[in-house]
Structures are given as C-alpha cells and as structure tokens.
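Overview (structure and organization)
Below are the chains, spelled out letter by letter.
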Amino acid sequence: MKIGIFDSGMGGLSVLHRALRMIPEADFLYYADEEHVPYGEKTREQVRGYIDEIIAFMIKKQVDAIVIACNTATAAGLEAAQQTFDIPIIGVIEPGARAAARATHNRRVGVIATKGTVESGVYTRAIRNIDAGITVFST
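Counting starts from 1 at the beginning of each chain's written sequence and moves along it residue by residue. Only residues with pLDDT of at least 70 get local features here, since the model is predicted, and only at 80 or more are side-chain atom pairs given and counted; chain-wide, interface and lining totals rely on the full set of residues. Side-chain measures here rest on the full set of heavy atoms in the structure, leaving out hydrogens and waters.

1. Structural notes on the packing of helix 2 (residues 44–60) against helix 3 (residues 71–84)
Cut-off, in case you're wondering: Structural elements are reduced to axes, namely lines fitted to C-alpha atoms, with helices fitted over the stretch in contact, and the angle between N-to-C directions of any two is expressed from 0 to 180 degrees. Segments assigned H or I by DSSP are reported as helices when at least four residues long, segments assigned E as strands when at least two residues long, and all are numbered from the N terminus. The crossing is said to be left-handed when, going from far helix to near helix, the turn is anticlockwise and less than a right angle, and right-handed when the turn is clockwise. Contacts are residue-level and defined by heavy atoms, with any inter-residue pair within 4.5 Å sufficient. When residues are sorted by character, Ala, Val, Leu, Ile, Met, Phe, Trp, Tyr, Cys and Pro go into the nonpolar class, Asp, Glu, Lys and Arg into the charged class, and all the rest, Gly among them, into the polar class.
Relative to each other, helix 2 and helix 3 sit at 65 degrees, their axes nearing to 9 Å. Along this stretch, helix 2 crosses helix 3, giving a crossing that reads as right-handed. In contact with R44, V47, R48, I51 and I55 of helix 2, helix 3 contributes T72, A73, A75, A76, G77, A80 and A81. In terms of residue class, the contact of helix 2 with helix 3 is made up of 8 nonpolar, 2 polar and 2 charged.

Here you go:
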C-alpha cells in the first residue's frame, strides 16, 4: 500500500511519523506545499485549488489513499476532494476532535488554529457531534 500525506508545510510530519509507526509495511509519499504556505491566510477557493493539484500529483504517483494532514486544507476542501477523486481521502479534523473530546475533564475545549480553520467552524461542529455538551473556544 502506498499512502500520500500532505500539509501546507512541515507540520504534517507528525502525522507521517505516526503513520510510519502504525503501518510500517506501507510506503509513504509526503508533500510539503512550501510554495503556498501558510494556507490559513488564503481563501477557501485558493486552498481547494492547491488540494486538487496535490491530490492529482499524488494519484499520478499511484498512491492508494491520501491523508490531508493540514487542518486548514481539511476544513476548506476535504468533502469536495472526497466527491471529486475516486480514492480514499481522510483529514485530521475528526481524529483531532475525538482526541479533544476524550481528553477534556471539564467539557471545555480550546482550539488554536488558523483563521481559515476557526472561521470554518469544523472543530466546533465535529466536537459537538461527539458530545453536544462540550463548550468549544476558538482563536
């Protein structure tokens, strides 16, 4: 299995590291989009364009699945990418929301993210889908 992982920079290396430990038999292709970093200052349409280009590149490299290891890119274009491309594509919002919901002891979660991620409201929706009683603060 060959898995593509991308981020707007180097932050997704932590996702790659975890994937290497979880699936040591897989081959990985990591793409750091340092040309367009940071994504958080770009419009949703710009980010979607970057996502489409990177996914098309990875498909040409014959990956079997793709992980969008960027919160802003996941927020801006995961659903559209899943509908556009015929390959499994996952993002980091849902796993992050599950981890936050499990970790909170006072049912309060703080999300520190880019403007694009915060304004999308994806973390608030994802966390509240897990537990509607959790209060989410975002900056």
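2. Regarding the pattern of salt bridges
Condition: Any Lys or Arg side-chain nitrogen found within 4 Å of a carboxyl oxygen on Asp or Glu counts as a salt bridge.
This structure, assessed with the given rule, holds 1 salt bridge. Residue D131 is joined to R107 by a salt bridge in which the shortest nitrogen-to-oxygen separation is 2.4 Å. Highlighted residues: D131 in the loop between helix 6 (122–130) and strand 6 (135–138) and R107 in the loop between helix 4 (93–103) and strand 5 (108–111), separated in sequence by 24 residues.

3. Quick word on the packing of aromatic side chains
Filter applied, for reference: Think of it this way: a Phe, Tyr or Trp ring, Trp meaning its six-membered ring, pairs with another when their centres are within 6.5 Å, and the plane angle makes it stacked under 30 degrees, edge-to-face over 60, tilted otherwise. Buried residues are those whose accessible area, probed at 1.4 Å on protein chains only, stays under 20% of the maximum for their type, while exposed residues exceed 50% and partly exposed ones sit between those limits.
Using the criterion set out here, one finds 2 aromatic pairs in the structure. On the numbers, 5.3 Å between centres and 35 degrees between planes, the contact of Y39 with Y50 is tilted. Here Y50 lies in helix 2 and Y39 lies in the loop between strand 2 (27–32) and helix 2, a separation of 11 residues in the sequence. Just as Y39 is buried, Y50 falls in that class too.

4. Brief notes about unusual backbone geometry
Residue P38 is bonded to the preceding V37 through a cis peptide linkage, with omega at 0 degrees. Along the polypeptide, P38 turns up in the loop between strand 2 and helix 2. Non-glycine residue Q62 carries a positive phi angle of around 65 degrees. Mapped onto the elements of the fold, Q62 is located in the loop between helix 2 and strand 3 (65–68). Even without being a glycine, R107 presents a positive backbone phi close to 60 degrees. Since its relative accessible area comes to 41%, R107 is described here as partly exposed.

5. Overview of helix 6
Regarding helix 6, the residues found buried are V122, Y123, T124, A126 and I127. Those residues of helix 6 that are buried lie in contact with helix 3, helix 4, strand 5, helix 5 (115–120) and strand 6.

6. With respect to the sheet that holds strand 1 (residues 2–7)
The test is simple: Note on pairing: two strands pair once DSSP finds at least 2 bridges between them.
Pairing in this open sheet of 4 strands is parallel, and the strands run 2-1-3-4 from one edge to the other. The sheet is open, and its two edges are formed by strand 2 and strand 4 (89–90), each paired on a single side. Sheet topology places strand 1 next to strand 3; 4 bridges connect them, and they run parallel. Bridge pairing in strand 3 links I5 to V67. Packed onto the sheet, helix 2 meets strand 1, strand 2, strand 3 and strand 4 and runs at close to 155 degrees relative to strand 1.

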